Amino acid sequence: MQKILPSDLSHRDRHQLLLSGVAPRPIALVSTVDEAGVGNISPFSFFNAYGSKPPILAIGPAISAKTGATKDTWRNIMATKQCTVNVCTYSMVEAINLASAEYPPDVDEFEKCGLSRVNASIVTPPLVRESPYSMECVLMENIELRRDIGGNGNIMLLEVVCFHVSDSIMHDGQIDPRRMDLIARMGHDYYCRISPHSIFEVHKPGVPGIGVDALPEHIRTSVVLTGNHLAKLAGVQYLPMLDGSFPQFAKDFRADSVQIELEGGRPDAALFVLLSQGKQRDRGIRHKIAAAFLDQNKISEAWQTLLLE
Ligand SMILES: Cc1cc2nc3c(=O)[nH]c(=O)nc-3n(C[C@H](O)[C@H](O)[C@H](O)COP(=O)(O)O)c2cc1C
């Protein structure tokens, strides 16, 4: 590991180092108008949610470290106290990149980047039609970050006064992240795309688990089970006992070899083969079968497989 002190780096290197580690960051496409009514849209990845009663967001428009210039977005929000925040999908990535160019304040960036407006219902700045999820916001507070030492950051706390959610991203009464196709920002010029195959669920622990330190040693030191597998096993409330009725198979249950069944994602069939061959003492294979159960979130089956000594 390299140890790096912020004070040893140039501003540019410090910026990239910070942003490469604080990643991926969601991207807000912020729409504002100036006091004369000229529209502006710009992307901000210093963006997150911090409260839900009331709903509060923050964006971080920086001040140029070189010139000390403020962003149009920052000036517009300070002047009008309003903006809309629109999430960014993959189909918008080139448009938001265009919108990030430094156009003069009197240039309408909606026109420049080819995105379209929809009237908001409470605030004056428009929503971005191409975004499937938008928020109308009012300024709560602007926090200047360490201006005493020349800091160039701001945190603008924004209260959401209205949400707009497209039907296209809804499923069974809630937002389905697989339908959003969101993008996020990494360090340097890297982005990532949140595609359906990169989304997975992790269920919250209902109770404090026994912990990895309480796992039997042969499990804790397994060369097959990963850290994620061990943490899943460690989420049980009590150390399980061998259940004499496990496993149960139908009379006509058929299976191929352990390897083929594991490759086919059928750990139960792999276990059937192992037991039929009288090889349940083979710890390595049992750990592989348990790992396959854990990958399918079948925690109890995994535990029972591991306990079958
Ligand atoms: C994906 C993306 C994320 C960005 N995030 C930020 C940010 O969080 N803060 C910032 O000051 N600039 C950020 N920028 C740069 C601004 O979008 C850029 O300076 C823009 O010109 C500001 O426009 P404005 O002066 O019209 O407000 C980002 C640019 C891109 C492409």
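Cut-off values and rules
Residues numbered from 1 in each chain as written. Predicted model: local features only at pLDDT ≥ 70, side-chain atom pairs only at ≥ 80, totals over all residues. Near = placed C-beta within 6 Å. Helix = DSSP H or I, 4+ residues; strand = E, 2+ residues; numbered from the N terminus. Nonpolar A, V, L, I, M, F, W, Y, C, P; charged D, E, K, R; others polar. Domains from an automatic or database assignment. Buried ≥ 20, exposed ≤ 12 C-beta atoms within 10 Å, placed from the backbone. Contact = placed C-beta atoms within 7 Å. Axes fitted to C-alpha atoms, helices over the stretch in contact; angles between N-to-C directions. Parallel < 35°, antiparallel > 145°, perpendicular 65-115°, else oblique.

Trainee: Describe the site of the ligand, listing the residues and the values that go with them.
Mentor: Neighbouring the ligand are 18 residues; S42, F46, K71, T73 and S100 lie closest to it. At the level of elements, β3 (39-44), α2 (72-80) and α3 (93-99) are the ones that each hand at least two residues to the shell around the ligand. Residue contributions to the shell around the ligand peak at 4 residues, all from β3. Split into classes, the residues belonging to the shell around the ligand amount to 7 nonpolar, 7 polar and 4 charged.

Trainee: Can you explain the domain arrangement of the protein? Please cite residues and give values.
Mentor: What the domain assignment lists for the protein is domain 1 (6-198) and domain 2 (212-307). Here domain 1 and domain 2 have C-alpha centroids that lie 46 Å from each other.

Trainee: Outline α2, supporting the account with residue identities and numerical values.
Mentor: Taken as a whole, α2 has its buried residues at D72, T73, W74, N76 and I77. Each element contacted by the buried residues of α2 is listed here: β2 (28-33), β3, β6 (82-87), β9 (133-145) and β10 (153-165). Positive backbone phi, approximately 65°, marks K81, located one or two places after α2.

Trainee: Account for the packing of helix α9 (residues 283-295) against helix α10 (residues 299-307), naming residues and giving values.
Mentor: Packing of α9 against α10 brings their axes to within 8 Å, and their N-to-C directions diverge by 170°. Between α9 and α10, the crossing angle belongs to the class labelled roughly antiparallel. From α9, R286, I289, A290, F293 and L294 reach across to α10, where they touch I299, E301, A302, T305 and L306. Residue classes in the contact of α9 with α10 are distributed as 7 nonpolar, 1 polar and 2 charged.

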